[in-house]
Amino acid sequence: MTDHYHPDLLAPFLALPQGDKIQAEYVWIDGDGGLRSKTTTVTKEVTSLDQLRIWDFDGSSTNQAPGHDSDIYLRPAAIFKDPFRGGNNILVLAECYNNDGTPNRTNYRHHAAKIMEQAKDVQPWFGLEQEYTLFSMDGTPYGWPKGGFPGPQGPYYCGAGAGKVFARDLIEAHYRACLYAGINISGINAEVMPSQWEFQVGPCEGISMGDHLWMARYLLVRIAEQWGIKVSFHPKPLQGDWNGAGCHTNYSTKEMREPGGMKAIEAAIEKLSKRHNEHIAVYGEDNDLRLTGRHETGHIGTFTSGVANRGASIRIPRHVGAQGYGYLEDRRPASNIDPYRVTGIIVETTCLL
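These figures come from a predicted structure and were not determined experimentally.

J.: Tell me about the nonpolar core, residues and numbers included.
T.: Leu-170, Ile-183 and Leu-219 are the most contacted members of the largest nonpolar core, which has 64 residues in total. Element by element, the count of residues in this core is highest for helix H4 (residues 208-227), at 11 residues. Counting only domains with at least three residues in this core, you end up with domain 1 (7-106) and domain 2 (116-352).

Spelled out as structure tokens, the structure:
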């Protein structure tokens with residue numbers, strides 16, 4: 001724990017009764033793809049979104065509005081349980097709107113929700129594999145020797161044992177917090193580069209995929225804050241012979257998940273191949289540093305697909321190829337994607353065009 005965080009001092013206060021009132025932490029995405037939050041008191045337990053007010057904040061301080069017209073409005077979109085405060089307290093994921101009622105330029109959920117509504121009959125499911133890297137406050141990768149490097153990649157992926165795994169306590173805390181909050185987290189593992197980890201969220205249908213991934217990210221950075229550790233979602237946080245970080249996107253429709261679904265999977269891949277550049281445009285900043293054709297990636301300039309090929313743009317898992325139905329994995333998205341943009345364009349390309 002860090003010198004600025006004192007859980008022993010906080011605990012007796014969090015144990016005090018709070019009566020019928022609850023705390024609602026509104027969480028939103030800022031103008032730089034980061035997360036912000038603030039708290040309001042609600043007079044009674046919240047069971048539905050319509051019990052929550054539309055709130056506002058100063059968008060000029062979050063790179064979301066000019067100073068002369070800075071009010072941005074928070075419209076509640078999804079509710080999760082609050083693992084920090086416990087009880088009936090909640091986390092509220094909110095969408096950002098301008099004062100004229102239009103979605104703020106940072107609000108990619110608005111457009112994605114329209115796409116998901118149009119495609120709801122195909123029941124699009126997603127599972128996202130969020131990779132990230134942990135850094136000490138001095139900017140060096142967490143647990144790496146000061147002024148030096150750990151041994152080369154090899155022992156760290158799904159590793160066990162001192163010197164192979166870093167910050168497992170933080171990762172366990174995040175996993176349990178996600179389960180408590182109601183996030184559909186489906187697993188975790190240590191990644192190829194030391195101090196790089198992954199958590200998976202899904203399967204989630206439609207717009208809920210973006211909601212659950214964003215809230216899982218929020219919990220991660222909040223918990224890491226207590227450890228005094230920084231979280232990086234950059235796709236290539238360290239130059240050199242180290243793996244980058246991605247957000248592999250597993251996708252299926254109802255037709256793909258049923259026997260004979262391989263035909264639908266192949267049709268979707270064909271459609272995806274024709275819009276490679278449009279997808280890459282929303283698949284993460286600095287993704288060119290990661291998609292080099294090395295370190296288990298395909299090259300950013302070419303579209304490829306294949307069964308069990310981790311160097312392809314789209315991979316069909318071997319068991320899916322064998323049974324003839326299931327899902328596909330788009331390996332192009334970077335770790336810093338906005339999941340609303342990625343899930344939205346995948347559904348648009350494969351179902352609506």
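J.: With reference to specific residues and values, describe the pattern of salt bridges.
T.: This model, assessed by the stated rule, comprises 14 salt bridges. The salt bridge involving Lys-254 is made with Glu-258; its shortest N-O contact spans 2.9 Å. Its relative accessible area of 35% is what places Lys-254 among the partly exposed residues. A salt bridge links Glu-270 to Lys-274; its shortest N-O distance comes to 2.3 Å. Bridged by salt links that share partners, the residues Glu-25, Asp-82 and Arg-85 form one connected network.

J.: Describe in detail the pairing of strand E1 (residues 22-29), supporting the description with residues and values.
T.: A regular strand places its side chains on the two faces of the sheet in alternate fashion. With seven of eight residues buried, E1 is to be regarded as a mostly interior element. Bridging between E1 and strand E2 (residues 35-42) involves eight bridges; their strand directions are antiparallel. Residue pairing in the sheet places Ile-29 in a bridge with Leu-35 of E2. In this antiparallel pair of consecutive strands, E1 and E2, the connection spans five residues, and Gly-33 shows a positive phi of 75°. Pairing of E1 with strand E5 (residues 90-98) involves four bridges; the strand directions are parallel. Looking across to E5, one finds that Tyr-26 is bridged to Val-92.

J.: Describe the packing of aromatic side chains, and please don't skip the residues or the numbers.
T.: Inspection of the entire model under this criterion finds seven aromatic pairs. Ring centres of Tyr-26 and Trp-55 lie 5.1 Å apart, and the angle between their planes is 75°; this geometry places the pair in the edge-to-face category. Placement of the pair is Tyr-26 in strand E1 and Trp-55 in strand E3 (residues 55-58), with a sequence separation of 29 residues. Look at Trp-55 and you get buried, because its relative accessible area is 11%. Both rings, one in Trp-28 and one in Phe-57, keep their centres 4.2 Å apart while their planes meet at 25°; by these two values the pair is stacked. With a gap of 29 residues between them, Trp-28 in strand E1 and Phe-57 in strand E3 connect regions that are remote in the sequence. The pair formed by Trp-28 and Phe-57 is uniform in burial state, with each residue classed as buried.

Parameters and conventions
- Residues numbered from 1 in each chain as written.
- Predicted model: local features only at pLDDT ≥ 70, side-chain atom pairs only at ≥ 80, totals over all residues.
- Heavy atoms only, no water.
- Core = buried A, V, L, I, M, F, W, Y, C linked by side-chain atoms within 4.5 Å.
- Buried < 20%, exposed > 50% of the residue type's maximum accessible area, 1.4 Å probe, protein only.
- Helix = DSSP H or I, 4+ residues; strand = E, 2+ residues; numbered from the N terminus.
- Domains from an automatic or database assignment.
- Salt bridge = Lys/Arg side-chain N within 4 Å of Asp/Glu carboxyl O.
- Pairing = 2+ DSSP bridges.
- Phe/Tyr/Trp six-rings, centres within 6.5 Å; stacked < 30°, edge-to-face > 60°.

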